[in-house]
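# Structure assessment
Below, each chain spelled out in residue letters.
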Amino acid sequence: MENFVFRNPTRIVFGKGSIAQIKDLIGAKERVLVTYGGGSIKKNGVYEQVMAALAGRTVFEFGGIQPNPLYETLLEAVALVKQQKITYLLAVGGGSVLDGTKFIAAAAKYRGKEPWDILAKSAQVKAALPLGAVLTLPATGSESNGFAVISRKSTQEKRAFGSELGFPQFSVLDPEVTMSLPAKQVRNGIVDAFVHVMEQYATYPVNAAIQDRQAEAIFKTLIEEGPKTLKDTQNYDARANLVWSATQALNGWIGQGVPQDWSTHMIGHELTAFYGVDHAESLAVVMPVLFRHEMPRKQAKLAQYARRVWGVAETDDAKAAEMGLVKTVDFYHSLGMKTTLADYGISPQDAAKKVSERFASRASKIGEHQAIDAAATGQILLAC
Ligand code: NZQ
Ligand code: ZN
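Here we summarise the structure given alongside this text. Quick caveat, the model's predicted, so the values are computed rather than measured. Counting of residues starts from 1 at the beginning of each chain's written sequence and follows it residue by residue. To read the labels, note that chains go from A and ligands from 1, taken in the order they are written. Only residues with pLDDT of 70 or above have their local features reported here, since the model is predicted, and side-chain atom pairs are shown and tallied only from 80 upward, although totals for entire chains, interfaces and linings are computed over all residues. For side-chain calculations, the full set of non-hydrogen atoms in the structure is used, while hydrogens and water are omitted.

Further remarks concern the packing of helix H10 (residues 279-293) against helix H14 (residues 374-382). Only C-alpha atoms enter the line fits that serve as axes; for helices the fit covers just the stretch in contact. Angles between N-to-C directions range over 0 to 180 degrees. Numbering of helices and strands runs from the N terminus; a helix is a DSSP stretch of H or I covering at least four residues, while a strand is a stretch of E covering at least two. Remark: H10 packs on H14, axes separated minimally by 9 Å, with the N-to-C direction vectors making an angle of 125°. Taken together, the axes of H10 and H14 are oblique relative to one another. Crossing geometry of H10 relative to H14 is assigned as right-handed. Taking contact as the criterion, the partners of Val-286, Val-289, Leu-290 and His-293 in H10 are, on H14, Ala-376, Gln-379, Ile-380 and Leu-381. For classification purposes, an angle smaller than 35 degrees is called roughly parallel, one larger than 145 roughly antiparallel, one from 65 to 115 roughly perpendicular, and anything else oblique. Each crossing gets its handedness from the near helix: less than a right angle anticlockwise from the far helix is left-handed, clockwise is right-handed. By definition in these notes, contact holds between two residues if any of their heavy atoms fall within 4.5 Å.

All right, on to the pattern of salt bridges then. For this document, the term salt bridge refers to a Lys or Arg side-chain nitrogen within 4 Å of an Asp or Glu carboxyl oxygen. Taken as a whole, this structure holds 22 salt bridges when the rule is applied. With a shortest N-O distance of 3.7 Å, Arg-213 and Glu-216 are connected by a salt bridge. One end of the pair is Arg-213 and the other is Glu-216, both in helix H7 (residues 209-231) and three residues apart, which spans about a single turn. Glu-357 serves as the salt-bridge partner of Lys-353, at 3.3 Å between the closest nitrogen and oxygen.

Where helix H9 (residues 263-275) contacts H10, the two axes come as close as 8 Å, and the packing angle between them is 135°. The orientation of H9 with respect to H10, classified from their angle, is oblique. Along this stretch, H9 crosses H10, giving a crossing that reads as right-handed. On the side of H9, the interface is formed by Ser-263, Thr-264, His-265, Ile-267, Gly-268, His-269, Leu-271 and Thr-272, while H10 contributes His-279, Ser-282, Leu-283, Val-286, Met-287, Leu-290 and Phe-291. Asp, Glu, Lys and Arg are counted as charged, while Ala, Val, Leu, Ile, Met, Phe, Trp, Tyr, Cys and Pro are counted as nonpolar; the rest, among them Gly, fall into the polar class. Residues of the contact of H9 with H10, tallied by class, amount to seven nonpolar, eight polar and no charged.

A separate point is the side chain of Thr-229. Mapped onto the elements, Thr-229 comes out in helix H7. The residues contacting Thr-229, other than those within four sequence positions of it, are Val-186, Ala-238, Arg-239 and Leu-242.

Spelled out as structure tokens, the structure:
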């Protein structure tokens, strides 16, 4: 196992009716900016619950944060924060609202010229406003990590940053408020969480037994509970299991002391930036092809995955690993997730050219061995 230092400071408030607890989690004197997306929270009762919990405080609102939140929009929120002397941010929504709010928190305190540098030049986040979250979509793990992914319309870019200051101070996870999600978003959430576990698991063995077993527990829970909650959206326990699985998939625990491979995400972000394909859709397309491309390096862990998660009995590692990948793609299909570029009307040739050119311009080398360069990225996309 590799060395690590780990701290996750987010207080999780989980369960039915939990939004009311916000009243004890944000100081009475804070000037609070509630951030949200395109309006789902005004249709499912979440907005009313949040406002009731904040009663007595000075509250402002900023709505309209898009899926794949746009830098251009978030800068408007930063201006409002400065103008109204906001002291606390409360993000209410899915990963996009949470990520966007983390960026607002950092950009509002940023002293450099252009806050985009936090994303494009990894400018250090030295200060940020405190934030809390009410999660309405189980998928990204943003509710309990310090990462955010922001898109820029003018340049068709999608970039990420991570900071200790990006962790929400608290996150309210009430599975009931996710029951208004359309099936497509539930499916996306299951696949996103699944791939998060994959990218921390399917690298090479370092004898991290507890991390492996925890990751396998999340895989198996998603495989068992995912289809249940997709079919029976009002089944509280199935939804609660999805919510907690998605949080654990990317709250840091399973990634400690192990190599990680975020290359599927890196390539997937480019597909979203160029073609607008949903985040989880991009991952379902890239992951199987990328893993086959990297098979010699990933074979041992993928064989273990196939045997422990899918019960594959094959003793030959190469065959078992391939069987595990086939089972994974079948699982995505069973959820209604399509897995080729053509399924989304994207030309593999066009994607290979655009993304490999972009990676070449950034000299990106990705994967747990930094073995995937711009040319390899092009080959992978041609086969997607
Ligand atoms: O905008 P509203 O009206 O709220 O509607 C949203 C949006 O249209 C809707 N929705 C959310 N909760 C709902 C609901 N509709 C009905 N009922 C509810 N309870 O769902 C739509 C999608 O929301 P979005 O927040 O975009 O989805 P998701 O949570 O999948 O977030 C995706 C974003 O997170 C980033 C992705 O790249 C993408 O930009 N990621 C963030 C990560 C992180 N911070 O660690 C890691 C991930 O890998 C990912 O990259
Ligand atoms: Zn993701």
